[in-house]
Amino acid sequence: MNPGVASSPAFGQASLSTCEREQIQHAASIQPRGVLLVVREPRLDIVQTSANAGEAFGVGESLLGWSLDDLGGGLEQRIRPHLNDPLNVIPLVLRGVVGRSRQAFDILLHRPPTGGLVVEFEPAGPAVALFGPVQAALQTIMDAPTLPALCDETARIFKEIAGYDRVMVYRFDDEGHGEVFAECCEPEQEPYLGNRYPDSDIPQIARRLYERNRIRLLVDVDDAPIPLLPRLSPLTGEDLDLSLCALRSLSPIHLQYLRNMGVKATLVASLLVGGRLWGMVACHHRTSRTVQYEIRAACELLAEAVATRIAALESFVQAQAELSVRRLEQRMIEGIAREGDWTSALFDHPQSLLQPVEAAGAALFYDGRVLTTGEVPGTLELREIAAWLDGQPSAPVMATAALGREAPRLAAVKSVASGVLAIPISTCPGEYLLWFRPERIRTVTWAGNPFKPLAIGDDPAELSPRRSFSQWHQVVEGTSSPWTSANRTAARLIGESVADVIQQFRSVRVLIAQAQLAQVRSQIRVADQPILIAAPDGVILLATESLERLLGSERAPPDCLDDLLKRLTEPLDREQRVSDLLHHHRPWRGEVCLATRDQGEQRFLLRADPVFSSPGRVLGFVFLLTDLTARKAAEAARQRFQAGILEQQKILRTPLNSTADPVYRNLLSALVNNAQLAALEVTDGVDPARVPAMVDGVQTSVSRATELLEHLVWYAGQMKAR
């Protein structure tokens, strides 16, 4: 171990300075509302128990060494058929009468990563009529037109179904800080809406746990935890991983945090969007409150539906931004055709450049020139900003909301350029498209002072989280409004369009301005996009280094278009396409398959155009290749998603088996419709490189929600059978 790196503290041994690394999944204890057993497979003998197991089952001795069959109720016979199930994502639930006390329990089964089978027992509650409220809630979620409306409805729905005093929809920003984005609470309670919480309130290890265990219940912050016996698992010799346990004890630091807020009981559901923790639905109660499995499962199902709808709404916003960008791109192309100047489309109609990014000013650094619109710094300061950007690590999108803090020598421009969003438009130094935002002096409302997280308790040796959660106002200066992910996406799309136009324009200049050939040739050669320029007779005049790298240095670069044809394996009519381009000057648009050095046969979108100096006289041809790898991955994700939806629809077409089937199908239909709508928005509005993760996230959500629905229906069937 590196002696400079502190080891992770054991559960319950962390201070506030080390709680970021506290191993909360290794709690070695549970909440007293239930019983936990660990059994060895396949014999199903008990090797580890919670200390309350004997008392809960009416047995006056340790259960270690017992078999599940010894507990009665036919438990072993009911569990054994499920041993081949995965049981490592969503626990399976049974209901049974167990032990000498003959008490009814909800029995949850899951398999931890290190092996064995964890069996949790919770006292069973009465049957709850949930299908009607859940179906209505799903429809409300699907109908939400905006993100604020969706979150407001989510808080209301969870309060009605779970019955807590306060429900908050909590959203994380890009820096990990949280904000209460929506809230529904009792009239006499102090509202937390709009309050912000620093990222340190939820350590990263807890956030990772929230991604695995999507629903978490705390009945009473003052309940004494029940230890596991023995503490270390006999199967591994290590602490049992309780990540998926419904009964897992919570960190003492988190419990103190809740006490400081005046919270007695909680229910928290995770919201995962695109594979990341977008936020949470946090339910708080001022007194002890238990919530039985059925209600928790319904809340988890609804949280998955909410996350799916969030993905759809965010993708729709991005799709609208992309539409604006495509209109701008069309105006640039028209500017080239009409005036030979594409920059007029950017700067003669400045709102089309500024509005998609919500900026006050913009500047283009191109060919040694600086073009500006809106509120921007002076030319000297602009060149200093560009020089500062040249010294930063290269990235497709570069953004700061506090330029003066990151580059103190530029602090003087904060009134117009506290915020800078930059897109490199070529690989040449100093060529950027920049957007600016002025300083915005604002007051941020925090739930307590985030800069004083430590407090001394009655015992000076005992540290506890900050005790005051009253609103604390911070005046923020020297910063602009933060750049959102939608702003960055819009900027990236505009930058890509500008970069594409620039490369095309420069390619044309190779043909029409021989005097500038040396300068422009060096710029084209280092372009990231594979480009090829050919003379009217098909002789290749220039190929970018990126294209040569694709073809391989061990092979001579193509000398003419016939050589290029030899490297293409598709389409079948490629020779005719080239002939039409050369002899009839017909543009070529379509997919091609290129034999590359490192990737084998690789698909590209080919755009080949003749360049005319006068009607009927062609100067040459420009070929642009766009890598379709990301689009193909997105298409594969769409096909996987469609296959999953078809499987769900098969269920909807099967004959009815019971009276529960119509309810099940109605709910399943709502889930499928919600997922299809989300997938449509995702695939239409998201950057292709992100589509696979987003679509797979939607597929995972609908699969989880479907499985939870099956559990609920099956559970209800068990109840009716009794």
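Residues numbered from 1 in each chain as written. Predicted model: local features only at pLDDT ≥ 70, side-chain atom pairs only at ≥ 80, totals over all residues. Heavy atoms only, no water.

### Thoughts on the packing of aromatic side chains
The condition that has to hold: Only rings of Phe, Tyr and Trp enter the pairing, Trp through its six-membered ring, and a pair is recorded when the two centres are within 6.5 Å. The plane angle decides the type: under 30 degrees is stacked, over 60 is edge-to-face, the rest tilted. Runs of H or I in DSSP of at least four residues are treated as helices and runs of E of at least two as strands, each being numbered from the N terminus. Working definition: with a 1.4 Å probe on protein chains only, accessible area under 20% of the residue-type maximum means buried, over 50% means exposed, and in between means partly exposed. Charge-over-ring placement is defined geometrically: NZ (Lys) or CZ (Arg) within 6 Å of the ring centre, and within 35 degrees of the ring normal.
As enumerated under the stated definition, the model contains 5 aromatic pairs in all. Between Y170 and Y197 the ring centres are 5.6 Å apart and the planes differ by 55°, which places this aromatic pair in the tilted class. You can see Y170 sitting in strand 7 (residues 166-172) and its partner Y197 sitting in strand 9 (residues 196-197), a full 27 residues away along the chain. On the accessibility criterion, Y197 (4% relative accessible area) is buried. Each member of the aromatic cluster is reached from another via a ring pair, and the members are F57, F105 and F121. Its guanidinium or amino end placed over the ring of Y210, R216 lies 3.8 Å from that ring's centre, counting from NZ or CZ. Against the face of Y164 rests R289, its NZ or CZ located 5.4 Å from the ring centre.

### Quick word on the pairing of strand 13 (residues 276-285)
Just so we agree on the cut-off: Strands are labelled as partners when DSSP assigns at least two bridges between them.
Taking burial as the measure, the 10 residues of strand 13 include 9 buried ones, the bulk of the element. Inspection of the sheet shows strand 7 paired to strand 13 by 6 bridges, in the antiparallel sense. The partner of V167 across the bridge, within strand 13, is C283. With 9 bridges joining them, strand 12 (residues 265-273) and strand 13 adopt antiparallel strand pairing. What sits directly across from L267, in strand 13, is C283. Connecting the antiparallel pair strand 12 and strand 13 is a turn made up of 2 residues, with G274 showing a positive phi of about 60°.

### Considerations on the sheet that holds strand 27 (residues 601-614)
Using the following cut-off: All axes are obtained by fitting lines to C-alpha atoms, using only the stretch in contact for helices, and the reported angles, taken between N-to-C directions, cover 0 to 180 degrees. When checking whether two residues touch, look at their non-hydrogen atoms; a contact exists if any pair is within 4.5 Å.
With antiparallel pairing, 6 strands are arranged side by side in an open sheet as 24-23-28-27-26-25. Taken across any chain shown, the strands that pair with only one partner, and hence form the sheet edges, are strand 24 (540-543) and strand 25 (568-570). Direction aside, the axes of adjacent strands within the sheet are offset by 35° on average. Against the sheet, helix 17 (residues 574-584) contacts strand 25, strand 26 (588-595), strand 27 and strand 28 (617-627), and its axis sits at roughly 130° relative to strand 26.

### Considerations on unusual backbone geometry
At the junction of E41 and P42, the peptide bond is cis and its omega measures out at 0° in the coordinates. Its location among the elements puts P42 in the loop between strand 2 (35-40) and strand 3 (45-50). Even without a glycine there, the phi angle at L44 is positive, about 65°. When you line up the elements, L44 lands in the loop between strand 2 and strand 3. A positive phi angle, close to 55°, is found at H585, a residue other than glycine. Tracing the chain through its elements places H585 in the loop between helix 17 and strand 26. Relative accessible area serves as the criterion here: at 22%, H585 is assigned to the partly exposed category.

### Some remarks on the nonpolar core
Filter applied, for reference: Side-chain atoms within 4.5 Å are what join buried Ala, Val, Leu, Ile, Met, Phe, Trp, Tyr and Cys residues into a set we call a nonpolar core.
Counting residues in hydrophobic clusters, the biggest one holds 65 residues, and the most contacted among them are L138, F158, L301 and L302. The element contributing the most residues to this core is helix 7 (residues 293-339), with 13 residues. In this structure L301 touches V134, L138, L671, A705, L708 and L709, once residues within four positions along its chain are discounted. Counting residues in each nonpolar core, the second largest holds 30 residues, with M332, I423, W435 and V498 among its members.

### Remarks on the packing of helix 3 (residues 131-143) against helix 4 (residues 147-162)
Packed helix pairs are specified by the crossing angle of their axes together with the interaxial distance, meaning the distance between the axes. The line we're drawing: Comment on the angle field: the value is read as roughly parallel under 35 degrees, roughly antiparallel over 145, roughly perpendicular from 65 to 115, and oblique elsewhere. The crossing is said to be left-handed when, going from far helix to near helix, the turn is anticlockwise and less than a right angle, and right-handed when the turn is clockwise. In this classification, the charged set is Asp, Glu, Lys and Arg, the nonpolar set is Ala, Val, Leu, Ile, Met, Phe, Trp, Tyr, Cys and Pro, and all remaining amino acids, among them Gly, are polar.
It is the contact of helix 3 with helix 4, at a shortest axis distance of 9 Å, that shows an interaxial angle of 165°. Judged by the angle between their axes, helix 3 and helix 4 are roughly antiparallel. Seen from above, helix 3 lies across helix 4 with left-handed handedness. Here helix 3 contributes A137, T140 and I141 to the contact with helix 4, which in turn contributes L150, E153, R156 and I157. Per-class residue counts for the contact of helix 3 with helix 4 are 4 nonpolar, 1 polar and 2 charged.

### Focus on helix 5 (residues 204-212)
Where helix 5 is concerned, the buried positions are I205, A206, R207, L209 and Y210. Looking at the buried residues of helix 5, the elements they touch are strand 7, strand 10 (215-218), strand 12 and strand 13.

### Quick word on the side chain of E294
Worth spelling out the cut-off: Positive residues here are Lys and Arg, negative ones are Asp and Glu, while His and the chain termini are left out of the count. Criterion for a salt bridge: a side-chain nitrogen of Lys or Arg within 4 Å of a carboxyl oxygen of Asp or Glu. Nitrogen and oxygen atoms within 3.5 Å of one another constitute a polar contact, given that in protein one can donate a hydrogen and the other can accept it, and given that sequence-neighbouring residues count only through two side-chain atoms.
Among the secondary structure elements, E294 is positioned in helix 7. For the buried E294, no salt bridge is present, and the opposite-charge side chain at shortest range is R95, 5.1 Å distant. One polar contact links E294 to Q292, side chain to side chain, over a distance of 3.1 Å. Filtering out sequence-adjacent residues up to four positions away, E294 remains in contact with P126, A127, V128, L130, L712 and Y715.

### Some thoughts on the pairing of strand 11 (residues 226-229)
Sheet analysis places strand 1 (residues 29-30) next to strand 11, joined by 2 bridges and oriented antiparallel. Counterpart to S29 in the pairing with strand 11 is P227. One ladder, built from 2 bridges, connects strand 3 with strand 11; its direction is antiparallel. Its bridge partner lying in strand 11, T49 is registered against L229.

### Concerning the confidence of the model for the protein chain
For residues with low pLDDT, the predicted coordinates do not support detailed interpretation. Going by this rule: The score called pLDDT rates the predictor's confidence residue by residue, from a low of 0 to a high of 100.
Of all residues in the protein chain, 85% have pLDDT values of 70 or greater, and the mean over the chain is 82. Taken as a whole, residues 14-19 scores under 50 in pLDDT and shows 14 contacts with residues more than four places along the chain or in a different chain. Every residue in residues 452-475 is under pLDDT 50, and counting partners more than four places away or in other chains gives 68 contacts.

### Describing the side chain of S270
Secondary-structure assignment places S270 in strand 12. Separated by 3.0 Å, the side chains of S270 and R216 make a polar contact.

### Regarding the pattern of salt bridges
Counted according to the given criterion, the structure contains 31 salt bridges. A salt bridge links D106 to R95; the shortest N-O distance between them is 3.3 Å. With a gap of 11 residues between them, D106 in strand 5 (residues 103-110) and R95 in strand 4 (residues 92-98) connect regions that are remote in the sequence. Each member of the pair D106 and R95 is classed as buried. One salt bridge connects E160 with R156, and the closest N-O pair in it is separated by 3.0 Å. Of this pair, E160 and R156 both sit in helix 4, 4 residues apart, which is roughly one turn of the helix. Through salt bridges with shared partners, a single network forms among R214, E300, E304 and R704.

### Some thoughts on empty space enclosed by the protein
Put simply, the rule is: In this analysis, the protein atoms alone were mapped onto a 1 Å grid. Cavities are point sets where a 1.4 Å probe fits without being able to get out; pockets are open sets with protein on both sides within 12 Å along at least five of seven lines; lining residues have an atom within 4 Å of a point. Grid points are joined across faces, edges and corners, and a volume is the space filled by probe spheres set on the points.
Counted according to the given criterion, the structure contains 4 cavities of 30 Å³ or more. In this structure, the largest cavity is lined by 20 residues; those nearest its centre are P91, L108, N213, I215 and E300. For the lining of the largest cavity, the secondary-structure elements that each account for two or more residues are strand 10, helix 7 and helix 20 (691-721). Per-element tally for the lining of the largest cavity: the top contributor is helix 7, with 4 residues. When its residues are assigned to classes, the lining of the largest cavity shows 12 nonpolar, 1 polar and 7 charged. One number sums up the size of the second largest cavity: a volume of about 60 Å³. Taken together, L532, L547, L564, L568, V592, L594, L606, F623 and L625 make up the lining of the second largest cavity. A per-class count over the lining of the second largest cavity returns 9 nonpolar, no polar and no charged.

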